[in-house]
Amino acid sequence: MSDDGLDKKNTRLAVRLVLFAAMMFGFGYALVPLYNVLCDLVGQNAKVETVAKQETAFQPEQNREVTMEFLTSLNRSVPMAFKVETPSLKVHPGQYYSVGFYAKNLSERRLKVRAVATYSPGQVKDYVTKVICFCELEQIFEPNEEKNMTVRLVVDPKLPERYKTITLSYTFFEITENSEN
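None of these values were measured; they are calculated from a predicted model. Within each chain, residue numbers correspond to sequence positions counted from 1 in written order. Whole-chain, interface and lining totals are the exception, using all residues; otherwise, since this is a predicted model, local features are given only for residues with pLDDT of at least 70 and side-chain atom pairs are given and counted only at 80 or more. For the side-chain quantities, the full set of heavy atoms in the structure was used; hydrogens and water were omitted.

## Quick notes on the nonpolar core
Just so we agree on the cut-off: What is meant by a nonpolar core is a set of buried Ala, Val, Leu, Ile, Met, Phe, Trp, Tyr and Cys residues, joined one to another through side-chain atoms within 4.5 Å. With a 1.4 Å probe rolled over the protein chains alone, any residue whose accessible area is under 20% of its type maximum counts as buried; one over 50% counts as exposed, and the rest are partly exposed. The way it works is that DSSP assigns letters per residue, a run of H or I at least four long becomes a helix, a run of E at least two long becomes a strand, and they are numbered from the N terminus.
In this structure, Phe 101, Phe 134, Ile 166, Tyr 170 and Phe 172 are the most contacted members of the largest nonpolar core, which totals 33 residues. In terms of residue count, strand β6 (residues 111–120) provides more of this core than any other element does, 5 residues in total.

## Re the pattern of salt bridges
For the record, the criterion: Think of a salt bridge as a Lys or Arg side-chain nitrogen and an Asp or Glu carboxyl oxygen that are within 4 Å of each other.
Applying the stated criterion across every chain yields a total of 5 salt bridges. With a closest N to O distance of 3.8 Å, Arg 64 and Glu 161 form a salt bridge. Of this pair, Arg 64 sits in the loop between β1 (46–47) and β2 (66–74) while Glu 161 sits in the loop between β9 (146–155) and β10 (165–174), and the two are 97 residues apart along the sequence. Each of Glu 61, Arg 64 and Glu 161 takes part in a single network of salt bridges with overlapping partners.

## Focus on the state of the cysteines
Worth spelling out the cut-off: Counting rule for disulfides: a pair of cysteine sulfur atoms within 2.5 Å.
Going through the model one piece at a time under the given rule, you end up with 1 disulfide. Here Cys 133 engages in a disulfide with Cys 135; their sulfurs sit 2.5 Å apart. Residues Cys 133 and Cys 135 are joined by a disulfide whose S-S torsion is about 125°; by sign, that bridge is right-handed. Overall, the relative accessible area of 8% leaves Cys 133 in the buried class.

## Considering the packing of aromatic side chains
We count it as follows: In this analysis, rings of Phe, Tyr and Trp, with Trp reduced to its six-membered ring, are considered paired at centre separations within 6.5 Å, and the interplanar angle assigns stacked below 30 degrees, edge-to-face beyond 60, and tilted for intermediate values.
Per the stated rule, a full pass over the model turns up 9 aromatic pairs. Judged by centre distance (6.1 Å) and plane angle (85°), the rings of Phe 82 and Phe 134 are edge-to-face. On the criterion of sequence distance, the pair formed by Phe 82 in strand β3 (residues 80–84) and Phe 134 in the loop between β7 (128–132) and β8 (139–141) is long-range, its members being 52 residues apart. The same class applies to Phe 82 as to Phe 134, namely buried. Ring geometry for Phe 101 versus Tyr 170: centroids 5.3 Å apart, planes at 75°, classification edge-to-face. Here Phe 101 is found in strand β5 (residues 96–105), whereas its partner Tyr 170 is found in strand β10, with 69 residues between them in sequence. Phe 101 sits in the buried class, given a relative accessible area of 0%. Classification of Tyr 170 by relative accessible area gives buried; the value is 0%.

## Here's the deal with unusual backbone geometry
Here the residue pair Ser 120 and Pro 121 is connected by a cis peptide bond, since its omega of -5° sits within 30 degrees of zero. Examined against the element boundaries, Pro 121 turns out to sit in the loop between β6 and β7. A positive phi angle, close to 45°, is found at Arg 76, a residue other than glycine. In this structure, Asn 144 takes a positive phi of about 60° despite not being glycine.

## Topic: the sheet that holds β9
Applied cut-off: The rule for pairing is simple: two strands pair if DSSP sees at least two bridges between them. Simply put, an axis is a line fit to the C-alpha atoms, just over the touching stretch for a helix, and the angle between two N-to-C directions goes from 0 to 180 degrees.
An order of β3-β5-β9-β7 is seen for the 4 strands of this open sheet, with the pairing classed as antiparallel. If you trace the sheet from one side to the other, it starts and ends with β3 and β7, each paired once. Taken over all neighbouring pairs, the strand axes of this sheet differ in orientation by 30° on average, direction set aside. Summarising the sheet, β5 and β9 pair through 9 bridges and their orientation is antiparallel.

Below you can see the structure in the form of structure tokens.
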């Protein structure tokens, strides 16, 4: 094989590899929007708005109960303790409830964290309104500091009858390095 033929093959291979790398980069870049679209389509792991809303008067449905489950978790190795005081609560749509959470910085350094909330099933996010939530703001924890935090919420009476259980999950993420740069 001549050097000219080998050069053409090498050039074609190099072009293919560059195109393949560009396509992989594009695919990686598109994963987050694709994930969000997929979650919206199937209604799972929907992200919660972090904006509190004004308390609205509803007519509570005393003859209907929905189970609210509350889960807490920490992202990776966030050096904290984090738990909910009431893991499960029977609620009447239209009636406001307050749920307590406890968090403690277990480290000897100042932490800046933010809680991200998700609903399951995702379709219920439009029927649950939070008027007070610790997830709306970044939280500063001094070394070994403990905090009691509150979420005040209501389930809209328009929630379809098929939903008997709603899970609200909070995960704390450390943002200390991001906020101090």
